[in-house]
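Take a look at the letters that make up each chain.
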Amino acid sequence: MLDIKLIQNDFDTVCEKLRKKKVDEALLEQLRTLSLELKKQRALLEPLQAEQNAKSKLFGIYAKEGKNISELKEELSQNKSKVAFINDIVKELEEKLEAMALVVPNMPDDSVPDGEDENDNVEIRKVLTPRVFNFTPKEHWDIDIKQNLIDFERGVKLSKSRFSVLKNEAARLERALINYMLDFNRSRGFHEVAVPYIVNRETLMGTGQLPKFEDDLFKIEGEELFLIPTAEVPVTNLYRDEILNKEDLPLKMTAYSACFRKEAGSAGKDTRGMIRQHQFDKVELVCITTPEQSEAVFEEMLTCASELLTSLGLPHRHLMLCGGDLGFGASKTVDLEVWLPGQNRYREISSVSNTQDFQARRAKIRFRDDKKNRLVHTLNGSSLAVGRTLIAIMENYQNEDGSISIPEVLKKYM
RNA sequence: GGACAGGUGGGUGAGUUGGCCGAAACCACACCCCUGCUAAGGGUGCAACGUCCAAAAGGCGUUCGAGGGUUCGAAUCCCUCCCUGUCCGCCA
């Protein structure tokens, strides 16, 4: 959520920044008008409430002293209906404002480049050079034919399309990767947490998935509960409605979880293979910092994810997302894309974002800074998407005979 | 899932014949003083959010699990929901 006061006081700046994200200015204007109207109505309401409170107090005193209270009672009854009338207006405005404010995306950081969509993202750097094959590298589903590693058909039988079953070496590799990633992150100072995969509405509001993106989530029938689309949701919300000690920041956490996404907007995309599934494993990094720390921690998270890929020998590149491609809650995002020789292209395997105080304001995560309560900054990043890492290893480490080598660092985990 | 008991500030916890309670006391924490040697004594401050004020101080409003209701007035009464504890049932 944006700072309403900022919209009130520095409207032009907010518009200017949100132009990068293609946000309708009329909506912002409406938001401002509404917030100012609410402020005005509150200013009308509060003196009336004060009067009601003061006279009600008098009422008690008069009654005790045996004074005549019928006149006072009449005044109070009349004032009561006035209060009720304006209070209704205020509540309605509050609800409208809240509903509107919750669907406005975060403002991009100044460092975010302009752009329409993913084609305008800016490559920052490449890490490791893709291996030169002396045969034509296969895509992961073709390698699989010989190895019997991923059972797409039976995944569909059990559930539906975009589900799959890992078998044999693939299942073991998946498990090894999770352990390796968690250990790696832990060695970088991230504390491991294990969190629920089913969360409530408030939690999803806190990180911004709701109310706008309900269609992307699997909902538990008959309950106000949802399957998490990423561990970012429960881990960030760990500190929802809390005021943290400044000395405890930054909080650096890592969590493994399964993730569940409807992929509602992805019809026809990546239908083949294991790139885009309804259920996938991910090891996530989540940090909670002071505003002063967040930029440095962002770099730390990015470095962690990138070096994790490097340690696995996987060539990748850093991509700064442009304004048009930036997610709803992010003020800044760098994607890591891994080289897939079978597909002959880079594909997203990690996404590190700073949401600054956007989630913190929604989730009311604050810290005490010399007697003042300030909003924290929250950051999240994958390190890494496990299924895609599995694919990347299959494609990058494939041999001509269809076998797959195991990266050195993973051997002790297998 | 059933029965009973409860949900109050960072913690424990008082408050339940509605008004003097946004809230005693204790602990924790912060600052100050005293003392002087390792163990204590005294004082002050200490819920959140919003709003007014240039700011501080302070004033006002809202909030005692959430939402509604009764009332001039509700932490206190009524209703619904959520959660926690205990016992029972079920179960990895």
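To be clear, the structure that these remarks concern was listed above.
The shown structure was predicted, so the numbers you read here are calculated from the model rather than taken from an experiment. Sequence order sets the numbering: in each chain, residues are counted from 1 along the sequence as written. Chains carry letters and ligands carry numbers; both start at the beginning, A for chains and 1 for ligands, and go up in the order they are written. It should be noted that, the model being predicted, local features are given only for residues of pLDDT at least 70 and side-chain atom pairs only at 80 or more, the latter also being counted only at that level, while totals for whole chains, interfaces and linings use all residues. Hydrogens and waters are ignored; side-chain quantities use all the structure's heavy atoms.

Okay, the pairing of strand 8 (residues 251–260) next. Only protein chains enter the accessibility calculation, which uses a 1.4 Å probe; a residue is then buried when its area is under 20% of its type maximum, exposed when over 50%, and partly exposed in between. In DSSP terms, a helix is any run of H or I states spanning at least four residues, a strand is any run of E spanning at least two, and both are numbered starting from the N terminus. Where burial is concerned, most of strand 8 is hidden: nine out of the ten residues are buried. Sheet topology note: the strand 8/strand 9 (residues 279–289) ladder contains ten bridges and is antiparallel. Among the inter-strand pairings, Thr-254 is bridged to a residue of strand 9, identified as Leu-285. One bridge is not enough; two strands pair if DSSP finds at least two bridges between them.

We now examine the sheet that holds strand 10 (residues 316–320). Pairing in this open sheet of eight strands is mixed, and the strands run 1-10-11-12-15-9-8-4 from one edge to the other. Two strands close off the open sheet at either side, each with one partner strand: strand 1 (122–127) and strand 4 (191–192). Two strands pair when backbone bridges link them, and strand 1 and strand 10 are joined in this way by five bridges, in the antiparallel orientation. Opposite Arg-125, over in strand 10, you have His-318 as the bridge partner.

This next bit is on the protein's contact with RNA strand B. Here, proximity means that at least one heavy atom of the residue falls within 4 Å of the molecule or strand. Around RNA strand B sit 21 residues, and of these Gln-49, Ser-56, Phe-59, Arg-366 and Arg-368 come closest. Looking at RNA strand B alone, sugar and phosphate atoms form 69% of those within 4 Å of the protein. Polar contacts, as used here, are pairs of N or O atoms within 3.5 Å; protein pairs need one atom able to donate a hydrogen and one able to accept it. Residues neighboring in sequence count only if both atoms are side-chain atoms. One of the side-chain N or O atoms of Lys-80 is found 3.3 Å from a phosphate oxygen in RNA strand B. One nitrogen or oxygen atom from the side chain of Asn-373 is found 3.2 Å from a phosphate oxygen belonging to RNA strand B. Elements supplying a minimum of two residues to the surface near RNA strand B: helix 3 (25–65), helix 4 (70–101) and strand 13 (365–369). In terms of residue count, helix 3 provides more of the surface near RNA strand B than any other element does, eleven residues in total. Counted by class, the surface near RNA strand B contains four nonpolar, seven polar and ten charged residues. Under the scheme applied, nonpolar residues are Ala, Val, Leu, Ile, Met, Phe, Trp, Tyr, Cys and Pro; charged residues are Asp, Glu, Lys and Arg; polar residues are all the others, including Gly.

Treat this as a map of the structure, not an account of what it does.
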